[in-house]
Amino acid sequence: VNTSIKIDDLNELETIELDLSSNLISQIELNSLEKLDFIDSLLLSSNYLTELEQGVFSNLKKIRNLDLSFNNIINLKNMTFFGLKNLNSLSLSFN
């Protein structure tokens, strides 16, 4: 029985929600999301993010929902969300 899955396999699914909420994340490296261009929902709420670099989400071309609520974000760089043409919902509440 094969119990492993590769990121490339996920690309074939229609809707992908990646829930990274409450994972003690304090930083997102600039290219760390580059292979996740197929997800349509990214939940990063209840972490320890304080700053988001310019272009950190730029590869998320299909993203429709981005939840960054309940972090400690005090600084957003110019163009942090640039290129997210499908983004319908952005939550920055409680930062």
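Residues numbered from 1 in each chain as written. Predicted model: local features only at pLDDT ≥ 70, side-chain atom pairs only at ≥ 80, totals over all residues. Heavy atoms only, no water.

Some words on the nonpolar core
With 19 residues, the main nonpolar core has Ile28, Leu42, Phe57 and Leu60 as its most contacted residues. Apart from the residues within four sequence positions on either side, Phe57 is in contact with Ile28, Leu33, Leu42, Leu44, Leu52, Leu66, Leu68, Thr80, Phe81 and Leu84. (Core = buried A, V, L, I, M, F, W, Y, C linked by side-chain atoms within 4.5 Å. Buried < 20%, exposed > 50% of the residue type's maximum accessible area, 1.4 Å probe, protein only. Contact = heavy atoms within 4.5 Å.)

Some words on the environment of Phe81
By the secondary structure assignment, Phe81 is in the loop between strand 5 (75-76) and strand 6 (89-91). The class for Phe81 is partly exposed, based on a relative accessible area of 21%. In the structure, Phe81 is positioned 28 residues away from Glu53 in sequence and 9.7 Å away in space, judged by C-alpha atoms. With residues up to four places along the chain from it excluded, the contact list for Phe81 reads Leu52, Phe57, Leu66, Leu68, Leu76 and Leu90. (Helix = DSSP H or I, 4+ residues; strand = E, 2+ residues; numbered from the N terminus.)

Some points on a nonpolar patch on the surface
Together, Leu76, Leu90 and Leu92 line one region of the surface with nonpolar side chains, adding up to about 210 Å² of accessible area. Position of Leu90 relative to the elements: it lies in strand 6. What makes Leu90 partly exposed here is its relative accessible area of 36%. (Patch = residues over 30% accessible without salt bridge, like charges linked within 9 Å, V, L, I, M, F, W, Y side chains within 5 Å. Areas by Shrake-Rupley, 256 points an atom, 1.4 Å probe, with all protein chains shown as cover. Salt bridge = Lys/Arg side-chain N within 4 Å of Asp/Glu carboxyl O.)

Examining the sheet that holds strand 1 (residues 17-19)
Across the sheet, which stays open at both edges, the four strands sit in the order 1-2-4-6 with parallel pairing between neighbours. The sheet terminates laterally at strand 1 and strand 6, the two strands that pair on one side only. Put simply, the sheet's adjacent strands are angled 5° from each other on average, direction ignored. Here strand 2 (residues 41-43) pairs with strand 4 (residues 65-67) via three bridges, running parallel. (Pairing = 2+ DSSP bridges. Axes fitted to C-alpha atoms, helices over the stretch in contact; angles between N-to-C directions.)

What about unusual backbone geometry?
Even without being a glycine, Ser46 presents a positive backbone phi close to 60°. Position of Ser46 relative to the elements: it lies in the loop between strand 2 and strand 3 (51-52). Its identity is not glycine, yet Met79 carries a phi of approximately 65°, on the positive side. The topology assignment puts Met79 in the loop between strand 5 and strand 6.

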